[in-house]
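Geometric and topological summary
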Amino acid sequence: MDMDAVIDGLDWAGIAAQLDAEGYALLPQWLMPEQARALGRHAAALERASLARGGLGQGDLHYFPADLPAPLAAWRADLYRRLAPISNRWSERLGSGYRYPGELEPFLRRGRQAGQTHALTHLSQLRGDDYVALHQRNEGAHVFALQLVALLAEPGLDFTGGEFVMTEQRPRMQSRPIVLPLRLGDAALIATAHRPVRGASGADYRVNLKHAISRVLGGTRIGLELSFHDAP
């Protein structure tokens, strides 16, 4: 599959509209099943971190190095180029004044100069009773507004349970739960931490989003979380 052609061929106007409306946009069949499974097999060669040790749940995260291997590096650069205008529009609506450069490398360079050198992109590997608690990956001064998640195993075949969950907290309202119906090879673009919402008065306000993976009931769930910024 020519991923450059896939990215260019996506309905970016529709993706932007769904991100504005919901804080996420689904990308069905982002990867072919064999591509998804091949990517999941990288876990064995990556640095492992325990979710329990960091207080983020139970199971393992497998971190890619800062220099992502092909094809992840190319996907990240191509997606960033498409997502930077959306992130800048959100930044403007929220009145933050932050401007994202049009290309990924200058943005990563900003982060490195500010001490953000720890790669966040990882695979999650969850077995029975494992889960990922609600969290955000927004440490540091240079945080990209969006990230990509993908499922690299088949629900009902490779694992049960393990739904990808988001919550959205609006001011003076109860949290809104969101479950993304991902299948093998599906992906989603999600808000990293905040997004603008247009209020009844016509003014924008900030809502807070977190994401998680519910408890795996059986089997092994493997997922990808692709970040466009690094952590301090």
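So, here's what we can say about the structure. Source: prediction; values computed, not measured.

As a further point, take the overall build of the protein chain. Helix and strand content of the protein chain: five helices and 15 strands. Expected size for 232 residues packed as a compact globule is a radius of gyration near 17 Å; at 17 Å, the protein chain falls within 12% of this value. When the backbone C-alpha atoms are referred to their principal axes, the protein chain occupies close to 50 × 40 × 35 Å. A total of 232 residues make up the protein chain; the buried ones form 49% of that total. If you sum the accessible surface of the protein chain, you get close to 10600 Å²; carbon and sulfur atoms cover 52% of it. Put simply, the protein chain has 25 plus and 25 minus side-chain charges, and the middle of one group is 6 Å from the middle of the other.

With that settled, the discussion passes to the pattern of salt bridges. Taken as a whole and assessed by the stated rule, the structure comprises 16 salt bridges. Residue Arg 93 pairs with Asp 20 through a salt bridge whose shortest N-O separation is 3.9 Å. Note that Arg 93 is positioned in helix H4 (residues 72–94) and Asp 20 in helix H2 (residues 12–22), a separation of 73 residues in sequence. Taking relative accessible area as the criterion, Arg 93 reaches 23% and is therefore assigned partly exposed. With relative accessibility at 24%, the residue Asp 20 sits in the partly exposed group. Close ionic contact of Asp 204 with Arg 93 constitutes a salt bridge, the shortest N to O distance being 2.7 Å. Remark: Arg 93 occurs in helix H4 and Asp 204 occurs in strand E13 (residues 204–213); sequence separation between them is 111 residues. One network of salt bridges, with partners in common, ties together Asp 20, Arg 89, Arg 93, Arg 198 and Asp 204.

What follows covers unusual backbone geometry. For the bond from Ala 70 to Pro 71, the omega torsion is 5°, close enough to zero to count as cis. The backbone of Gln 29 sits at a positive phi, close to 55°, despite the residue not being glycine. Mapped onto the secondary structure, Gln 29 falls in the loop between strand E1 (24–27) and helix H3 (33–40). Overall, Gln 29 belongs to the exposed group, its relative accessible area being 64%. In this structure, Asp 129 is a non-glycine residue whose phi angle is positive, near 75°.

For the structure shown, the criterion picks out nine aromatic pairs. Seen in terms of ring centroids, Tyr 80 and Phe 228 are 6.5 Å apart; in terms of plane orientation they differ by 50°. Their pairing is tilted. A residue pair is termed long-range when its members are at least 10 positions apart, and Tyr 80 in helix H4 and Phe 228 in the segment after strand E15 (221–226) qualify at 148 residues. With respect to class, Tyr 80 is no different from Phe 228; both count as buried. On the basis of an interplanar angle of 80° and a centroid distance of 5.1 Å, the ring pair of Tyr 100 and Phe 144 is categorised as edge-to-face.

This part takes up the side chain of Gln 125. Tracing the chain through its elements places Gln 125 in strand E5 (residues 122–126). Residue classification places Gln 125 among the buried positions, given a relative accessible area of 15%. If we ignore the near neighbours within four places in the chain, the residues touching Gln 125 are Gly 59, Asp 60, His 62, Asp 130, Thr 220, Arg 221 and Ile 222.

Now for the environment of Asp 158. Take Asp 158: it is sitting in the loop between strand E7 (146–151) and strand E8 (159–161). Note: C-alpha distance between Asp 158 and Asp 2 (156 residues apart in sequence) is 27 Å. Apart from residues no more than four positions distant in its own chain, Asp 158 is found in contact with Arg 37, Ala 153, Gly 218, Gly 219 and Thr 220. Within the structure, Asp 158 has its side chain in polar contact with the side chain of Arg 37 (distance 2.9 Å).

With respect to topology, seven strands assemble into an open sheet ordered E1-E11-E7-E15-E5-E4-E2, the strand pairing being antiparallel. A single partner strand is all that each edge strand has here, and the edge strands are E1 and strand E2 (47–50). Averaged over all neighbouring strand pairs, the angle between strand axes comes to 25°, with direction disregarded. Pairing analysis gives five bridges linking E5 to E15, with the strands arranged antiparallel. Bridging across to E15, Leu 123 finds its partner in Leu 224. Across the sheet, H4 is in contact with E7, strand E11 (187–191) and E15; its angle to E7 comes to roughly 135°.

Basis of the calculations
- Residues numbered from 1 in each chain as written.
- Predicted model: local features only at pLDDT ≥ 70, side-chain atom pairs only at ≥ 80, totals over all residues.
- Heavy atoms only, no water.
- Helix = DSSP H or I, 4+ residues; strand = E, 2+ residues; numbered from the N terminus.
- Rg over C-alpha atoms; globule rule 2.2 N^0.38 Å.
- Buried < 20%, exposed > 50% of the residue type's maximum accessible area, 1.4 Å probe, protein only.
- Areas by Shrake-Rupley, 256 points an atom, 1.4 Å probe, with all protein chains shown as cover.
- Lys, Arg positive; Asp, Glu negative; His and termini not counted.
- Charge placed at Lys NZ, Arg CZ, Asp CG, Glu CD.
- Salt bridge = Lys/Arg side-chain N within 4 Å of Asp/Glu carboxyl O.
- Phe/Tyr/Trp six-rings, centres within 6.5 Å; stacked < 30°, edge-to-face > 60°.
- Contact = heavy atoms within 4.5 Å.
- Polar contact = N/O pair within 3.5 Å; in protein donor to acceptor, adjacent residues only side chain to side chain.
- Pairing = 2+ DSSP bridges.
- Axes fitted to C-alpha atoms, helices over the stretch in contact; angles between N-to-C directions.

Any link to function would need more than the numbers given here.
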